Amino acid sequence: MKFAIGNYLTKHMQASDLENLFPKATDIPKEFDLTQPIEQREYLVNGEMRKWTGKTQDVWSPIYVKTNNGFEQKRIGSYPITDATDAMEVLYAGVKAYSNGRGEWPSMSVSQRIECVEKFTQKMIQKRDEVVKLLMWEIGKSLGDSQKEFDRTVQYIYDTIGALKDIDRTSSTFLIEEGIIGQVRRSPLGVVLCMGPFNYPLNETFTTLIPALIMGNTVLFKPPKHGTLLHYPLLEAFKDSFPAGVINTLYGRGNSIIPQLMESGKIDVLTLIGSSKVADKLKKMHPKVNRLRAILGLDAKNAAIVTESAQLDVAINECLLGSLSFNGQRCTAVKIIFVHKSLAEAFNKGLAEKIEALKIGMMWEPGVQITPLPEPNKPAYLKELIEDAKLHGAKVINKHGGENFKSLFFPAMLYPVNNKMKVWHEEQFGPVVPVVPFEDISTPIEYIHESSHGQQVAIFGTDVNQISALIDETVNQVSRVNINAQCQRGPDSFPFTGRKDSAEGTLSVTAALRSFSIRTVVATKANQLNKDLVNQIVENQQSNFLSTRFIL
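The structure presented is a predicted model; accordingly, all values stated were derived computationally and were not measured.

Caption draft 1: Layout of the layout of surface pockets. Here the largest pocket defines a volume of roughly 1600 Å³. Broken down by secondary-structure element, the contributors of at least two residues to the lining of the largest pocket are α9 (254–263), β11 (269–273), α10 (276–285) and α13 (378–391). Residue contributions to the lining of the largest pocket peak at six residues, all from α10. Residues belonging to the lining of the largest pocket are distributed by class as follows: 21 nonpolar, 16 polar and eleven charged. Taken together, 29 residues make up the lining of the second largest pocket; nearest its centre are Asp145, Lys148, Tyr200, Ser325 and Arg330. Elements that contribute at least two residues to the lining of the second largest pocket include exactly α6 (143–171), α7 (203–214) and α11 (312–324). The greatest single-element share of the lining of the second largest pocket, amounting to four residues, is contributed by α6. Class assignment of the residues belonging to the lining of the second largest pocket gives a composition of ten nonpolar, eleven polar and eight charged.

So this is what it looks like as structure tokens:
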């Protein structure tokens with residue numbers, strides 16, 4: 001029963017009690033333990049698993065293990081650190097495979113590419129347990145959330161295949177307008193540089209990687225700094241499912257290998273889920289900016305607005321989930337909450353009690369909600385935000401808020417927050433919940449107007465007139481307005497994007513396919529000679545592009 005004490009600790013915790021949540025080696029359940037470190041000494045390039053004998057990067061779990069010598073951070077493996085020369089070899093493998101659009105992969109029919117992706121997915125499913133375990137150990141994600149991330153990713157792939165079939169069926173007809181016969185289909189863009197985030201290192205990476213691949217692009221894939229090893233079990237599946245050079249992996253420090261890739265001008269598409277500052281720098285490195293397509297998911301500082309007509313229980317529960325799911329480490333998390341003064345006391349009391357009841361512990365524990373943070377410097381940064389807020393008049397209003405030991409950090413609810421505080425402006429990306437009281441609705445509206453971010457907002461209330469006005473006020477500032485619900489990405493059929501510095505391009509199942517392709521027209525004048533020519537090409541199936549084949 002040792003790890004069933006999370007709820008007890010939140011009520012009776014002493015400053016030293018958090019350390020008691022870290023396990024001894026013998027306390028780790030065997031089915032979830034990593035008994036041997038995973039020493040990755042190969043990477044995928046040009047259709048082969050290239051052996052690596054150079055420098056490597058150790059991978060440390062956010063979990064600390066109790067030993068006779070104190071607490072020791074668990075080392076779970078290592079991976080290659082390639083340099084710029086190695087990265088350029090990876091780039092040229094992708095360039096060669098694309099071959100100006102005449103390579104085997106971009107020239108394939110849609111149905112053939114779908115077969116390859118389906119083959120990969122079947123092989124991927126066989127690696128579920130390995131990937132889920134590494135998700136837990138690398139980024140501190142709970143067992144349930146890790147399983148959900150894997151399963152949702154598989155479903156996303158199948159949904160993408162279905163959406164592409166729909167697009168292709170629609171494109172299989174000919175148009176005749178003003179004496180011109182034409183067929184409009186989607187064609188790939190070229191070589192894609194794909195970089196995913198640490199918080200959803202599998203799912204959010206694959207929501208760009210898979211549509212990029214299936215549309216006929218070749219891909220250079222750099223795993224995130226935290227969440228690298230979990231992709232290793234999938235490399236053989238990539239190798240066996242796609243032609244050589246179609247997907248290639250990049251390892252190493254981004255600031256040493258990425259600039260040269262961008263400066264080469266041979267990257268056609270940049271897809272990044274991460275920082276807007278990084279995205280800005282990378283785009284400026286490309287010598288032909290107008291040719292570079294960018295699909296970006298960037299910073300967000302999503303606000304919740306709890307109006308005077310809100311149902312308190314709904315607002316409290318949704319703000320709890322919105323601000324603290326996976327420790328608040330989501331771009332779609334609620335990062336600041338505006339509460340009408342008439343409800344502030346009751347809202348604060350209710351939310352604080354909910355936070356205090358959260359179970360904190362290790363990822364394999366049933367019902368755990370707060371887990372170790374994977375970024376080594378994050379606890380110190382969160383402490384800095386809290387101390388800065390205190391200096392400007394805020395208090396931590398939940399018991400044990402801000403207490404931490406090593407990578408465990410108990411959520412802190414701050415009130416009253418104002419614009420003099422760092423937490424007002426900065427995206428905390430962690431378990432700190434700032435709450436702002438307001439009397440005039442113009443206060444949160446002005447915040448949203450002035451923000452450099454524009455991803456989502458969550459509005460809570462039951463006054464039809466006010467909610468209608470707030471919808472109209474915010475829809476041109478953010479890309480999704482949630483009514484009496486937390487901010488979130490799903491369902492994956494909905495557009496996922498942002499305004500201002502929060503995104504470029506749209507990522508949903510169908511929109512992502514469009515983002516990684518361009519409409520291309522084959523056209524001719526509608527005279528008999530051209531009709532006969534087109535009919536012959538179609539009937540003999542001599543072109544993979546100009547075709548009336550119908551994918552079922």
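Caption draft 2: The sheet that holds strand β25 (residues 517–525), seen in detail. Taken in spatial order, the three strands line up as β6-β7-β25 in an open sheet, and their pairing is antiparallel. Only two strands of the sheet have a single neighbouring strand rather than two, namely β6 (175–177) and β25. Across the sheet, the mean angle from the axis of one strand to that of its neighbour is 35 degrees, orientation sign disregarded. Sheet topology note: the strand β7 (residues 180–188)/β25 ladder contains nine bridges and is antiparallel. The partner of Arg185 across the bridge, within β25, is Thr520.

Caption draft 3: Fine view of the packing of aromatic side chains. Summed over all chains, the structure comprises 17 aromatic pairs. Geometrically, the ring pair formed by Phe22 and Phe405 is tilted, given 6.1 Å between the ring centres and 55 degrees between the ring planes. Of this pair, Phe22 sits in the loop between α1 (6–12) and β1 (38–39) while Phe405 sits in strand β16 (residues 404–405), placing them 383 residues apart in sequence. Both residues of the pair, Phe22 and Phe405, count as buried.

Caption draft 4: Spotlight on the nonpolar core. Of all hydrophobic cores here, the largest spans 131 residues; its most connected members are Leu193, Phe238, Phe242, Val306 and Ile337. It is α6 that provides the largest number of residues to this core, a total of nine residues. Counting residues in each nonpolar core, the second largest holds 28 residues, with Ala394, Ile445, Val457 and Val478 among its members.

Caption draft 5: Molecular detail of the pairing of β11. Of all five residues in β11, five are buried, a share of seventy percent or more. The side-chain alternation of β11 yields two buried faces, one formed by Val269, Thr271 and Ile273 and the other by Leu270 and Leu272. Taken together, the four bridges between strand β8 (residues 191–195) and β11 define a ladder with parallel strand orientation. For Leu193, the partnering residue across the bridge sits in β11 and is Leu270. Summarising the sheet, β11 and strand β12 (residues 293–297) pair through five bridges and their orientation is parallel. Across the sheet, residue Thr271 finds its bridge partner in β12, namely Ile295.

Caption draft 6: The arrangement of the state of the cysteines in detail. Within the structure shown, the criterion is met by zero disulfides. Cys116 forms no disulfide, and the closest cysteine sulfur to it belongs to Cys194, at a distance of 18 Å. The closest cysteine sulfur to the non-disulfide-bonded Cys331 is located on Cys487, 10 Å from its own sulfur. The buried category is assigned to Cys331, whose relative accessible area is 11%.

Caption draft 7: Layout of the environment of Asn484. For Asn484, the position within the fold is in the loop between β22 (480–483) and β23 (499–500). The class of Asn484 is partly exposed, set by a relative accessible area of 28%. Sequence separation of Asn484 and Tyr79 is 405 residues, and the distance between their C-alpha atoms is 44 Å. Polar side-chain contacts of Asn484 include one of 3.0 Å to the backbone nitrogen of Gly461.

Caption draft 8: Focus on α7. Its twelve residues place the ends of α7 16 Å apart at the C-alpha level, agreeing with the 16 Å of an ideal helix rising 1.5 Å per residue. With twelve of twelve residues buried, α7 is to be regarded as a mostly interior element. What α7 keeps buried is the set Asn203, Glu204, Thr205, Phe206, Thr207, Thr208, Leu209, Ile210, Pro211, Ala212, Leu213 and Ile214. Just downstream of α7, Gly216 is the residue with a positive phi angle, here 105 degrees.

Caption draft 9: Structural view of the pattern of salt bridges. Counted under the stated rule, the structure contains 26 salt bridges. Residue Glu130 pairs with Lys127 through a salt bridge whose shortest N-O separation is 3.6 Å. Residue Lys127 is classed as partly exposed on the basis of its relative accessible area, which comes to 28%. Arg128 is paired through a salt bridge with Asp151; the nearest N and O atoms lie 2.8 Å apart.

Caption draft 10: Spotlight on the environment of Lys123. Take Lys123: it is sitting in helix α4 (residues 110–125). Between the C-alpha atom of Lys123 and that of Glu236, which follows or precedes it by 113 residues, the distance is 8.9 Å. When sequence neighbours within four positions are dropped, the list of residues in contact with Lys123 reads Ala237, Asp240 and Ser241.

Caption draft 11: Structural view of the environment of Ser264. Inspection of the secondary structure assignment puts Ser264 in the loop between α9 and β11. Relative accessible area serves as the criterion here: at 26%, Ser264 is assigned to the partly exposed category. Considered as a pair, Ser264 and Glu403 are 139 residues apart in the sequence and their alpha carbons are 47 Å apart. Engagement of the side chain of Ser264 in a polar contact is seen with the backbone oxygen of Leu261, the distance being 2.6 Å.

Parameters and conventions
- Residues numbered from 1 in each chain as written.
- Predicted model: local features only at pLDDT ≥ 70, side-chain atom pairs only at ≥ 80, totals over all residues.
- Heavy atoms only, no water.
- 1 Å grid on protein atoms, 1.4 Å probe; cavity = no way out; pocket = protein on both sides within 12 Å on 5 of 7 lines; lining within 4 Å.
- Points joined across faces, edges and corners; volume = space filled by probe spheres on them.
- Helix = DSSP H or I, 4+ residues; strand = E, 2+ residues; numbered from the N terminus.
- Nonpolar A, V, L, I, M, F, W, Y, C, P; charged D, E, K, R; others polar.
- Pairing = 2+ DSSP bridges.
- Axes fitted to C-alpha atoms, helices over the stretch in contact; angles between N-to-C directions.
- Phe/Tyr/Trp six-rings, centres within 6.5 Å; stacked < 30°, edge-to-face > 60°.
- Buried < 20%, exposed > 50% of the residue type's maximum accessible area, 1.4 Å probe, protein only.
- Core = buried A, V, L, I, M, F, W, Y, C linked by side-chain atoms within 4.5 Å.
- Disulfide = S-S within 2.5 Å.
- Polar contact = N/O pair within 3.5 Å; in protein donor to acceptor, adjacent residues only side chain to side chain.
- Expected span 1.5 Å × (residues − 1).
- Salt bridge = Lys/Arg side-chain N within 4 Å of Asp/Glu carboxyl O.
- Contact = heavy atoms within 4.5 Å.

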